[in-house]
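Working through the structure, step by step
Letter by letter, the chains look like this.
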Amino acid sequence: MTPRSFFFNLDRVQRGMMEALVKTQKGKGFLEIRAVEDPIVGDNEVLLRIKAAGICGTDIHIMEDRFPNNPPVILGHEFSGEIIDVGRDVTGYTIGDRVVSEPHKGGCGTCRYCLTGEVEVCRTKRAIGYKIDGSFASLISMPVTSLHRIPENVTYEQAALTEPLAVAVKGVLERARIEPEDFVMVAGCGPIGLLAAAAAKAEGARAVMITGTDGDEKLRLPAARRLGIDHVVNIQKEDPLQIVQDLTGGAGADVVVEASGAAPSIRQAFDLIKIDGRICGLGLSGKEDVGIPWDTAIIKAVRLICSMSSNWTSWERALSLMSSGKVNVDPLITANFSLNEWQKAFKMLQNLEAIKILLRP
Ligand SMILES: [Zn+2]
Ligand SMILES: [Zn+2]
């Protein structure tokens, strides 16, 4: 302890207060707008004024107490912002720059994953929005190593979707590696499923199919059509297995992207896939056991490729896909709300009355 802090706390004198959406304690609910102190800006960090912050399924799961969290903590991990202050050692970024940020303040810096550019799977990465304070606030400080510049022709609203697009890009393009001859079937049409289908299409897949249910008829399946996805299928009205068989001459899909997290859909991926095909796992099931048909997987020599979060390269690719117009995220953005309207926004998402809602702190 320094003697200075014994007499007065300099930070407290200088720091203002801001409103933030905080998970206040463990359990169901316990979400409220609170006045919290402005973030401290480290020597290698920048202070960002948040322009748009997307609500993710994870935020809903944290509200419902179905995802680990470390309260009291500000939620939110998908956002864009403008730099309004820079730390002492920051170079290359300046006040006024438009940026997005990967959703963590780095990992340990010394493990295999940190050293090979896979910080997102470092065991000690400090993830924002559930472990440490996130983006449902007017300000956030982030390290320069997490930042990416927003291309000039990409708006703050669009840029707020860089994180989910990067998750899709990492799984589908970087790990499952879409090829031009691939028939790609995406199970599940939430934001990640829609963006995975759009990324596969942008990468030049032969054809892309996406599935949903009756609840998706209102918004998500129409959005898939607006994204230009070749085959949009409601599995409660049509049999996806039959359609994939018909469209692939009985071979099966070259790639199945599992973005629904539903146990029956995960099992069906092994029926939909062709021999020696790739199943790309993107959606968590929330269950301990989903009953993967192991023998089918081996007999069909399935390549099971799972992906977690996103990394530096997938963020650059996501921004490039948006800037070039190859992926248009606009059909996913249902509404912009102020931070104070968070309850209405969360409810709309729970009721499938929105695909992606951006909060404007
Ligand atoms: Zn997310
Ligand atoms: Zn590490």
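In case you missed it, the structure is sitting above this.
All figures in this text were calculated on a predicted structure; none of them were measured in a lab. (Residues numbered from 1 in each chain as written. Chains lettered and ligands numbered in written order. Predicted model: local features only at pLDDT ≥ 70, side-chain atom pairs only at ≥ 80, totals over all residues. Heavy atoms only, no water.)

Points about the coordination of the zinc ion (ligand 2)
Put simply, the test is: Each metal's donors are the N, O and S atoms within 2.8 Å of it, or within 3.2 Å when it is Na, K or Ca, and because water is not part of the set, sites may look incomplete. A 1.4 Å probe rolled over the protein chains alone gives each residue an accessible area, and that area as a share of the maximum for its type sets the label: buried under 20%, exposed over 50%, partly exposed in between.
Here the zinc ion (ligand 2) is held by the protein donor atoms Cys-108 (SG), Cys-111 (SG), Cys-114 (SG) and Cys-122 (SG), which lie 2.3 Å from it. The sequence motif formed by the donor residues of the zinc ion (ligand 2) is C-x2-C-x2-C-x7-C. Residue classification places Cys-108 among the partly exposed residues on the basis of a relative accessible area of 37%.

Considering the environment of His-77
To keep it simple, the criterion reads: Here a helix means four or more residues in a row that DSSP labels H or I, a strand means two or more in a row labelled E, and each is numbered from the N terminus. Working rule for contacts: check all heavy atoms of both residues, and any pair within 4.5 Å makes them a contact.
Tracing the chain through its elements places His-77 in the loop between strand E4 (73-74) and strand E5 (78-86). With a relative accessible area of 9%, His-77 lands in the buried category. Remark: the alpha-carbon pair of His-77 and Gly-54, spanning 23 residues in sequence, is separated by 7.7 Å. Sequence-distant contacts of His-77, defined by excluding residues within four places in its chain, comprise Cys-56, Thr-58, Asp-59, Pro-103, Ile-128, Ser-135 and Glu-163.

Section: the packing of aromatic side chains
In plain terms, the rule: Aromatic contacts are taken between Phe, Tyr and Trp rings whose centres are within 6.5 Å, Trp giving its six-membered ring; a plane angle under 30 degrees counts as stacked, one over 60 as edge-to-face, and the others as tilted.
All told, the structure shown has two aromatic pairs when counted by the stated rule. The interplanar angle of 85 degrees and the centroid separation of 5.0 Å between the aromatic rings of Phe-67 and Tyr-130 together place this pair among those described as edge-to-face. Residue Phe-67 is located in the loop between helix H3 (57-63) and E4, and its partner Tyr-130 is located in the loop between helix H4 (112-115) and strand E7 (139-143); the two are separated by 63 residues in the primary sequence. Aromatic pair Trp-342 and Phe-346: ring centres 5.5 Å apart, planes at 90 degrees, arrangement edge-to-face. Note that Trp-342 and Phe-346 are positioned in helix H13 (residues 342-350) at a spacing of four residues, about one turn of the helix.

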